[in-house]
Amino acid sequence: MIFSTAKLNRVVATSLVTTSIAVSPFFGAIAQAETINGAGATFPAPLYERYAREVKKKYPDLKINYQAIGSGGGIRQVIAGTVDFGGSDAAMKDNEIAKVKNGAILVPTAGGAVSVVYNLPGVNDLKLSRATLPAIYSGQITKWNDAKIKADNPGINLPNQTIKFAVRADGSGTTFIFTNHLSAISGYFKGRVGTNTAPNWNLPNVLKGKGNPGVAAIVARTPGSIGYVEYSYAVQNKLKSALVQNKNGEFVAPSLESANAALSTVNFPDNYRVFIGDPGQGYPIVGLTWMIVYKQYANSAKADAIKKWINWVLKDGQQYNDDLNYTKIPSDVANRVLQTVNSSVKP
């Protein structure tokens, strides 16, 4: 499945997305505006804000509010039934789906890269190998001039400075994508930290930020720090992103093209749940993001409005993914998802 490789400038949103959208009903007419409330991942927040602006130009009858609170919060609110749809970069597990009273459908909306950002004045194009990056985030490397980092970067003057670790304070799908990759390439990291939305890092000099914007802000203001954020937040905050070594031994910078290369061979199963630990090509730290909708809603107006929203996102909305450096969902997969949503979402 080949993702688009168009390269366009990115427009990035703020940390909290609360946007009103007007959308007409899926079937028939809604007598009055229908409000849909969503919450979850910050990873796709810039994209969802763009969706919000564009969809209201076409459909004036549905109001959508989305709050970027983190993937963990999105999943919890879906389980609690306090939102009409959730957002997560960590696909819900079977035991989580089983807790959703009205059933759940995972709707993939985009993919993207997680940048390893750093603040080292005078150091550009930092390279981090498959051995070095997990050693840093498992606490084996605590100094910037460690021999392993120096071996990755010959000729670069690395400071004798303690590494400060920027991580997420909240349950995070971005953290899931990051730790999933490190667990796939390092047995030590997998055993010590593991794949998790909210791991126990057990690291010295840990600085915690809420959401992708919080981690980006920490790195921006903290010399000697390293962190991980969705690529758009690295661009927005003008942060340096490390070149990360992939399975082929290449040091690759995050970009739309390199994320597309990594995701180009992804196969989507019937439940559309995909975990990408160590892709064979391109930039290696990549993942997908999902909207989570229920199979059953309180009334036909709400169910029809949800279907209208998801249909717009996977048809009209995908054209905006490239603008913000997110990968598109392949059209054949989008069509399969829409068949599932249109046939399964009911009042």
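Scoring rules and cut-offs
Residues numbered from 1 in each chain as written. Predicted model: local features only at pLDDT ≥ 70, side-chain atom pairs only at ≥ 80, totals over all residues. Heavy atoms only, no water. Helix = DSSP H or I, 4+ residues; strand = E, 2+ residues; numbered from the N terminus. Contact = heavy atoms within 4.5 Å. Areas by Shrake-Rupley, 256 points an atom, 1.4 Å probe, with all protein chains shown as cover. Lys, Arg positive; Asp, Glu negative; His and termini not counted. Charge placed at Lys NZ, Arg CZ, Asp CG, Glu CD. pLDDT = per-residue confidence, 0-100. Buried < 20%, exposed > 50% of the residue type's maximum accessible area, 1.4 Å probe, protein only. Phe/Tyr/Trp six-rings, centres within 6.5 Å; stacked < 30°, edge-to-face > 60°. Salt bridge = Lys/Arg side-chain N within 4 Å of Asp/Glu carboxyl O. Pairing = 2+ DSSP bridges.

### Some thoughts on the overall build of the protein chain
In step 1: On a plain count of helices and strands, the protein chain comes out with 12 helices and 12 strands.
In step 2: The dimensions of the protein chain, computed from C-alpha atoms along their principal axes, are 65 × 40 × 35 Å.
In step 3: Put simply, of all contacts in the protein chain between residues at least 6 apart along the chain, 78% involve residues at least 24 apart.
In step 4: Accessible area for the protein chain stands at about 13,300 Å²; split by element, carbon and sulfur atoms hold 47% of it.
In step 5: Averaging the locations of the 36 positively and 22 negatively charged side chains of the protein chain gives two centres separated by 5 Å.

### Some points on the confidence of the model for the protein chain
In step 1: When pLDDT is averaged along the protein chain, the result is 90; 91% of the residues meet or exceed 70.
In step 2: Counting contacts from residues 1-31, a segment whose pLDDT is below 50, to residues more than four positions away or on other chains yields 114 contacts.

### Section: the environment of Met92
In step 1: Mapped onto the elements, Met92 comes out in the loop between β3 (85-88) and α3 (94-97).
In step 2: Accessibility expressed as a relative area gives 0% for Met92, which makes it buried.
In step 3: Considered as a pair, Met92 and Arg273 are 181 residues apart in the sequence and their alpha carbons are 8.0 Å apart.
In step 4: Discounting chain neighbours no more than four positions away, the residues touching Met92 are Ile75, Ile79, Ile97, Val100, Leu106, Arg273 and Ile292.

### Focus on the packing of aromatic side chains
In step 1: Inspection of every chain in the model, using the stated rule, returns 17 aromatic pairs.
In step 2: Following the ring pairs from residue to residue traces out a cluster consisting of Tyr48, Tyr51, Tyr66, Phe85, Trp309, Trp312 and Tyr320.

### Description of the pattern of salt bridges
In step 1: Taken as a whole, this structure holds 12 salt bridges when the rule is applied.
In step 2: Note that Arg50 and Asp323 form a salt bridge whose closest N and O atoms lie 3.1 Å from each other. Highlighted residues: Arg50 in helix α1 (residues 45-58) and Asp323 in the loop between α11 (300-314) and α12 (331-344), separated in sequence by 273 residues. The residues Arg50 and Asp323 share a single accessibility class, namely buried.
In step 3: Put simply, Arg50, Glu54, Lys57 and Asp323 are held in one network by salt bridges that share partners.

### Structural notes on the pairing of strand β4 (residues 104-118)
In step 1: Extensive coverage of β4 is indicated by the burial of 15 of its 15 residues.
In step 2: The pairing of β4 with strand β12 (residues 286-294) spans nine bridges and is antiparallel. Each bridged residue has a counterpart across the sheet, and for Pro108 the counterpart in β12 is Trp290.
In step 3: In terms of strand pairing, β4 meets strand β8 (residues 225-230) through five bridges, oriented antiparallel. Its bridge partner being in β8, Val114 is matched across the sheet by Glu230.
In step 4: Strand direction decides the pairing type here: β4 and strand β9 (residues 240-241), joined by two bridges, are antiparallel. Within β9, the position partnered with Tyr118 by the bridge is Lys240.

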